[in-house]
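Descriptive analysis of the structure
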Amino acid sequence: YFATAQEKELTQAEINTMLKSGRYPKFDEIREQHDLSIKVLNNLKIEYNDILFNMRKDNTLNDSTIDGWIFRVPDKPKELAIEGAVLGNCVESYIKRVTSGECQIVLLRPSSAPNSPNVVFEVRDNAIVQLEGKSRRRANMYESRAIREYIKNKKLTCKVTLERWKEPKKAE
């Protein structure tokens, strides 16, 4: 007596009319309509968060290559989720902070492997306030040297400890 949820989305008025008339939809049809509505809502939330995330993106921090290292600001929240999973750190939990404009996350990757997560750092109030690599390791001296140059180029400050540059030992 009425189409499935995929064929027709019921309005509240249509549901009220059916209830008043005594023609009740089957539970499975109500559940199907509910599930479809939730799916649409969740997709809209994802789309909205992607738009907000991208609006809050600070492009002045983006796309620098220094000493063989690429500095990049992620375009979508999903990138932070993937980065956190690969590096084994909590960067995914910063999605809401980035979306709200509270901070920015910058990805540091070797230019020889630009799709390979390496180090992430948080920028808040023009300062690097947190920096982690895989399994919460600190930046090594090569990464630290590039980060120092990035800080200088972007006019940032740094509130984390970076490794000092040591000349590699010469072979005898």
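Up top you'll find the structure we're talking about.
Heads up: these notes are all about the structure in this document. (Residues numbered from 1 in each chain as written. Predicted model: local features only at pLDDT ≥ 70, side-chain atom pairs only at ≥ 80, totals over all residues. Heavy atoms only, no water.)

Re the packing of aromatic side chains
Within the structure shown, the criterion is met by three aromatic pairs. Taking 6.2 Å as the distance between ring centres and 65 degrees as the angle between the ring planes, the aromatic pair formed by F71 and F121 counts as edge-to-face. Of this pair, F71 sits in strand β2 (residues 69–72) while F121 sits in strand β4 (residues 119–124), and the two are 50 residues apart along the sequence. Given a relative accessible area of 0%, F121 falls into the buried group. Between F71 and Y150, the aromatic rings sit 4.2 Å apart at their centres with planes inclined by 10 degrees, giving stacked as the arrangement. One end of the pair, F71, is in strand β2; the other, Y150, is in helix α5 (residues 141–154), and 79 residues separate them in sequence. Across this residue pair, the class does not change: F71 and Y150 are buried. Among the aromatic residues, those joined into a cluster by ring pairs are F71, F121 and Y150. Stacked on the ring of Y94, the Lys or Arg R97 has its end atom at 4.4 Å from the ring centre. (Phe/Tyr/Trp six-rings, centres within 6.5 Å; stacked < 30°, edge-to-face > 60°. Helix = DSSP H or I, 4+ residues; strand = E, 2+ residues; numbered from the N terminus. Buried < 20%, exposed > 50% of the residue type's maximum accessible area, 1.4 Å probe, protein only. Lys NZ or Arg CZ within 6 Å of the ring centre and 35° of its normal.)

Observations concerning the pattern of salt bridges
In the structure shown here, the tally under the stated rule is nine salt bridges. For the salt bridge of R145 with D67, the shortest nitrogen-to-oxygen distance reads 3.7 Å. Separated by 78 residues along the polypeptide, R145 in helix α5 and D67 in the loop between β1 (64–66) and β2 bring together distant segments of the chain. Using a relative accessible area of 34% as the deciding quantity, one classes R145 as partly exposed. (Salt bridge = Lys/Arg side-chain N within 4 Å of Asp/Glu carboxyl O.)

Concerning the pairing of β2
Of the two faces of β2, the one holding W69 and F71 is buried and the one holding I70 and R72 is not buried anywhere. Sheet topology note: the β1/β2 ladder contains three bridges and is antiparallel. Residue S64 lies in a different strand from β2, and its bridge partner there is F71. Linking β1 to β2, which pair antiparallel, is a turn of two residues; within it D67 sits at a positive phi near 45 degrees. Relative to strand β3 (residues 104–110), β2 runs antiparallel, the two sharing four bridges. Counted as the bridge partner of W69 is P110 from β3. (Pairing = 2+ DSSP bridges.)

Let's talk about unusual backbone geometry
Despite not being glycine, N126 shows a phi value in the positive range, around 60 degrees. Within the secondary structure, N126 is located in the loop between β4 and β5 (127–133). Classification of N126 by relative accessible area gives exposed; the value is 52%. Despite not being glycine, R136 shows a phi value in the positive range, around 70 degrees. You can see R136 is positioned in the loop between β5 and α5.

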